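# Architecture at a glance
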Amino acid sequence: MSAFSRFTPLVSALPSTVPFVGPEAIERQRGLTVKARIGANENGFGPAPSVLTAMRDAGADIWKYSDPENHDLKEALAAHLGTTPANIAIGGGIDELLGQIVRMVIEPGAPVVTSLGGYPTFNFHVAGFGGRLVTVPYVSDREDLDGLLDAVKRENPPLIYFANPDNPMGSWWDADRVVAFARAIPETTLLILDEAYSETGPASALPSIASLIDLPNVIRTRTFSKAYGLAGARVGYAISTPGTALAFDKIRNHFGMNRMAVAGAIAALKDQAYLSEVIAKIHAARERIGGIADANGLQALPSATNFVAIDAGRDGTYARAIVDGLMQHGVFIRMPGVAPLNRCIRVSVGPAADMDLFEAAMPQVLKSIG
């Protein structure tokens, strides 16, 4: 298959891959139909009716570009968080923001510290800009803060990534420990504190905004994809000092935000009553997933996210057999990609109908694979 001859050496050397294979691709490749979409850490309960109304109303103006300064969304977020708009940068989901951060900080060959088995999209961006990943294994199914800090001291990296609560294991550290970790990072190393699941975890896991807002070398990333149910709208934001947040303006696509998505995000912030209802549903669904795991002789790990990691008790081959077997029943789930975390399967929360399909299929799959 022919390709353009003057791609950069870096791009030419990279594998043709994406971090995740979507359920749509699985349907096409395997000729199956996804009946329970509980594998992508989406929020199957969906956004508030008020959000959908706001997005429909904004549709009449879709011929216009969205405000390149994202003024109204920044104002709404600042009021919600207790910051100033200058502390906030807006992007098309956390994934886009991660790519922008890596672009701002990483030169070819530069070391980047992260956890072995942590969020693979971040690694994808690092590879795309020529960075050198330095990975630290999980300890007891949590990211190893001491190990990450040791790696920073050893490598002197320009960038470190840490998610709290964590993807893919759903584990978390309490806020006091996170703040101490962040403040121990040298000022010459930029910490990405990924808080995609900030709304779904215990309050004790979330550092206050004030506790880190003075640190120029900390960027906290959050999203409307999870608790707010807007994964397809692609709206994320970063929180940092005004000087650090301003750096995004140097490289971002100023007309990159979707006008209807922005309207939906603003409406979502206003409807905190609905958010509370959804979070209660997420907690209840986590409990149900745990019960299904227990009924089938498996162990659900504690979770602060909108998914539950279930220890399948063997190895990655066995866990993969469960994932593939469930897909034969139309139940789409995923698993961590790196040993020993890949002994687990990962099940996202969803409506009762999705949970029913998962519950019915699980014993059949386990029996079939032995």
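As the structure is a computational prediction, the values presented were derived from the model and not from experiment.

## Structural notes on the sheet that holds strand β10 (residues 307-311)
- One open sheet accounts for 3 strands, arranged β9-β10-β12; its pairing is antiparallel. The sheet is open, and its two borders are formed by β9 (299-300) and β12 (344-348), each paired with just one other strand.
- Of the strand pairs in this sheet, β9 and β10 are connected by 2 bridges, and their pairing is antiparallel. When the sheet's bridge partners are listed, Ala300 is paired in β10 with Ile310.
- Most of the contacts of helix α11 (residues 272-295) go to β10, to which it runs at about 15°, and overall it touches β9, β10 and β12.

## Some thoughts on the packing of helix α7 (residues 145-155) against helix α8 (residues 175-184)
- Direction vectors running N to C along α7 and α8 enclose 5°, while the axes themselves pass 11 Å from each other. In this view, α7 runs roughly parallel relative to α8, as classed from their interaxial angle. Contacts from Leu145, Asp146, Leu148 and Leu149 of α7 reach α8 at Arg177, Phe181 and Ala184.
- Its residues placed into classes, the contact of α7 with α8 shows 5 nonpolar, no polar and 2 charged.

## Re the nonpolar core
- In terms of nonpolar packing, the biggest core is built from 58 residues, with Leu73, Phe224 and Phe358 touching the most fellow members.
- Residue contacts for Phe358: discarding those within four places in its chain leaves Ile38, Ile289, Ile292, Ile310, Leu326, Val331 and Val347.
- In terms of nonpolar packing, the next biggest core, distinct from the first, is built from 23 residues, Phe122, Ile192, Ile219 and Ala238 among them.

## A few points about the packing of aromatic side chains
- Scanning the entire structure with this criterion turns up 8 aromatic pairs.
- Ring centres of Phe4 and Phe7 lie 5.5 Å apart, and the angle between their planes is 80°; this geometry places the pair in the edge-to-face category.
- Measuring from ring centre to ring centre gives 4.7 Å for Phe122 and Tyr161, while their planes differ by 20°; the resulting arrangement is stacked. Linking Phe122 in helix α6 (residues 120-128) with Tyr161 in strand β5 (residues 159-163), this pair joins segments that are 39 residues apart in sequence. Per residue, the accessibility class of Phe122 equals that of Tyr161, and both read buried.
- Members of the aromatic cluster, connected to one another through ring pairs, are Phe224, Tyr228 and Tyr237.
- Across the ring face of Trp173, the terminal group of Arg142 is positioned such that the distance to the ring centre comes to 3.4 Å.
- The cationic tip of Arg346 hangs over the ring face of Phe307; the distance from NZ or CZ to the ring centre is 5.5 Å.

So, how was this worked out
- Residues numbered from 1 in each chain as written.
- Predicted model: local features only at pLDDT ≥ 70, side-chain atom pairs only at ≥ 80, totals over all residues.
- Heavy atoms only, no water.
- Pairing = 2+ DSSP bridges.
- Helix = DSSP H or I, 4+ residues; strand = E, 2+ residues; numbered from the N terminus.
- Contact = heavy atoms within 4.5 Å.
- Axes fitted to C-alpha atoms, helices over the stretch in contact; angles between N-to-C directions.
- Parallel < 35°, antiparallel > 145°, perpendicular 65-115°, else oblique.
- Nonpolar A, V, L, I, M, F, W, Y, C, P; charged D, E, K, R; others polar.
- Core = buried A, V, L, I, M, F, W, Y, C linked by side-chain atoms within 4.5 Å.
- Buried < 20%, exposed > 50% of the residue type's maximum accessible area, 1.4 Å probe, protein only.
- Phe/Tyr/Trp six-rings, centres within 6.5 Å; stacked < 30°, edge-to-face > 60°.
- Lys NZ or Arg CZ within 6 Å of the ring centre and 35° of its normal.

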